[in-house]
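Take a look at the letters that make up each chain.
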Amino acid sequence: MENLIVLNNEKVSKHNGKFFSRNYNFKILPEGLNRYFKVEYIVRKSEVNESHELNLDKVKVASNIIQFIFYVLSTFKNKKSKYYLICITPYTFIASLFLFIFRKKVYVYLISSGHEEWANLLGNWSVWIYDLMFKIVTSKATVIALHDRLYNKKNFHVINSSTLDDKWFKNFKEARTDKIRFLYVARINPVKGINEFLEMFNNLEMEAELSIIGKTNNLRHQKKFKSLIENSKNIKFPGYVSNRQQLIDTYDNHNILILPSYTEGQPYVVDESLVRRRPVLIFEDIAEIIKMDISTVSRIVKSKNVQTDYGIFPLRYFFSESTIKKGDDLVSSKIVKNYLSDLIENEDKSSPYSDDQLEKILKKEGYDVARRTVAKYREQLNIPVARLRKEY
């Protein structure tokens, strides 16, 4: 088999002679490649014990950038080796310069939007730095992207990736609906929108729980996060869940996954939640707070379908862009639209409902909607006004 040198900014720990990855995705990726290549994995050293054991024969852990580059240069002994960069970071960028100078075959795998991540972490002023690295690397390497929104040029490869195994498709459990049980599964990082969502959740006047699955080793992030959850009895923080069966059980014990923000081409939590038959909630209020257009979210589910017991549906069918109050509860706008569509379909065609009449009917059923909302939903359903629906 050919040699493939995988370079990653991922932090890996070593204890008891074994290597452990911080991120589950960066465990299965090199292991998957190792089925077809002889993989050597060059990564950064973690100062804490990480969770996911790496099943690889060759792992080199660098304590600093100099050692990282030394490990890369030491692979040049095999002239036929190919190189696979996971994301563009200062470490992989500097390594790529040496690779290009020595005319090595380089692939770069784009998992997330570095432009968005740098803007969120360091501020908009820093984006030009990433953009420079991005342009240099992608101009010389073969680009592989997890989604076409991550690279807008021609001649690149888009792939679909999944972390789901057979366990995710077995022993489904009905969701408990006695109250709302939100679930957040991601890093505790401002770039994920978690802080803004916590501020919003703390101001909700409704009976709901929120469980947060994740962790951070950044002390500044920890301090801010702790200040947002310490006074709320409705927020649970079990920490990071590394066991996949425990993670499946966690999804099953909740009824809505919250995705405040994402920079990935394909957030794996969306697949995980939907395969466990739990909807993902993305709504305009969150998009406004984090300054992300809701249309950005829709790109992830474009042209994808999910098979259920009730048929095959577009993946975007399960996403809700807004909510409507019904009594003391919040319901998806999709439910209101479906009800509105049924009303119009069954109306007396000789005397169709006006928007005012539809508003009154919906309010009688408990939906807190205004006439302009009725008109907006009707237009989104491509249903004409009453006078155009009238049949003589």
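Structure first, text after, so check above.
Definitions and cut-offs
Residues numbered from 1 in each chain as written. Predicted model: local features only at pLDDT ≥ 70, side-chain atom pairs only at ≥ 80, totals over all residues. Heavy atoms only, no water. Helix = DSSP H or I, 4+ residues; strand = E, 2+ residues; numbered from the N terminus. Buried < 20%, exposed > 50% of the residue type's maximum accessible area, 1.4 Å probe, protein only. Lys, Arg positive; Asp, Glu negative; His and termini not counted. Salt bridge = Lys/Arg side-chain N within 4 Å of Asp/Glu carboxyl O. Contact = heavy atoms within 4.5 Å. Phe/Tyr/Trp six-rings, centres within 6.5 Å; stacked < 30°, edge-to-face > 60°. Lys NZ or Arg CZ within 6 Å of the ring centre and 35° of its normal. Patch = residues over 30% accessible without salt bridge, like charges linked within 9 Å, V, L, I, M, F, W, Y side chains within 5 Å. Areas by Shrake-Rupley, 256 points an atom, 1.4 Å probe, with all protein chains shown as cover.

Colleague: Would you mind showing me how to read the side chain of Lys104 here?
Modeller: Within the fold, Lys104 resides in the loop between helix H3 (90-101) and strand E7 (105-110). Of the side chains with opposite charge, Glu40 lies nearest to the buried Lys104, which makes no salt bridge, at 12 Å. Setting aside its immediate chain neighbours within four residues, Lys104 contacts Phe76, Asn78, Lys79, Tyr83 and Leu99.

Colleague: What is the right way to read the packing of aromatic side chains from this model?
Modeller: Aromatic rings in a pair are described by how distant their centres are and how their planes are angled relative to each other. By the definition in use, this model includes 15 aromatic pairs. Measuring from centroid to centroid gives 6.1 Å for Phe70 and Tyr71, while their planes differ by 55°, and the two rings are tilted. According to the relative accessible area criterion, Phe70 is exposed, its value standing at 53%. Of the residues examined, Tyr71 reaches a relative accessible area of 16% and is grouped as buried. Both rings, one in Phe182 and one in Phe197, keep their centres 6.2 Å apart while their planes meet at 90°; by these two values the pair is edge-to-face. Placement of Phe182 in strand E10 (residues 180-185) and of Phe197 in helix H6 (residues 194-202) is noted, with a sequence separation of 15 residues between them. Phe182 gets classed as buried once you look at its relative accessible area, which sits at 6%. Exposure remark for Phe197: the relative accessible area of 3% places this residue in the buried category. A connected cluster of aromatic rings, assembled from ring pairs, spans Trp118, Tyr130, Phe134, Tyr151 and Phe156. Seen from the ring of Tyr240, Lys215 lies directly overhead, with NZ or CZ sitting 5.3 Å from the centre.

Colleague: Even after reading the chapter, I still don't get a nonpolar patch on the surface, so can you show me in this structure?
Modeller: Together, Leu121, Leu122, Trp125, Trp128 and Leu132 give the surface a local cluster of nonpolar side chains, amounting to about 590 Å² of exposed area. Looking at the nonpolar patch, the elements with two or more residues in it are helix H4 (114-122) and helix H5 (127-140). Structurally, Leu122 can be placed in helix H4.

Colleague: Would you explain the pattern of salt bridges in this entry?
Modeller: Side-chain pairs of opposite charge can arise whenever the charged atoms involved come near each other. In the structure shown here, the tally under the stated rule is 19 salt bridges. Residue Arg371 is joined to Asp355 by a salt bridge in which the shortest nitrogen-to-oxygen separation is 3.8 Å. Here the residue Arg371 occupies a position in helix H14 (residues 371-380), and Asp355 occupies one in helix H13 (residues 355-364), the gap between them amounting to 16 residues. Overall, the relative accessible area of 37% leaves Arg371 in the partly exposed class. Residue Asp355 is classed as buried on the basis of its relative accessible area, which comes to 13%. Between Arg378 and Asp355 there is a salt bridge, with the nearest N and O atoms lying 2.9 Å from each other.

That's the geometry; what it means functionally is another story.
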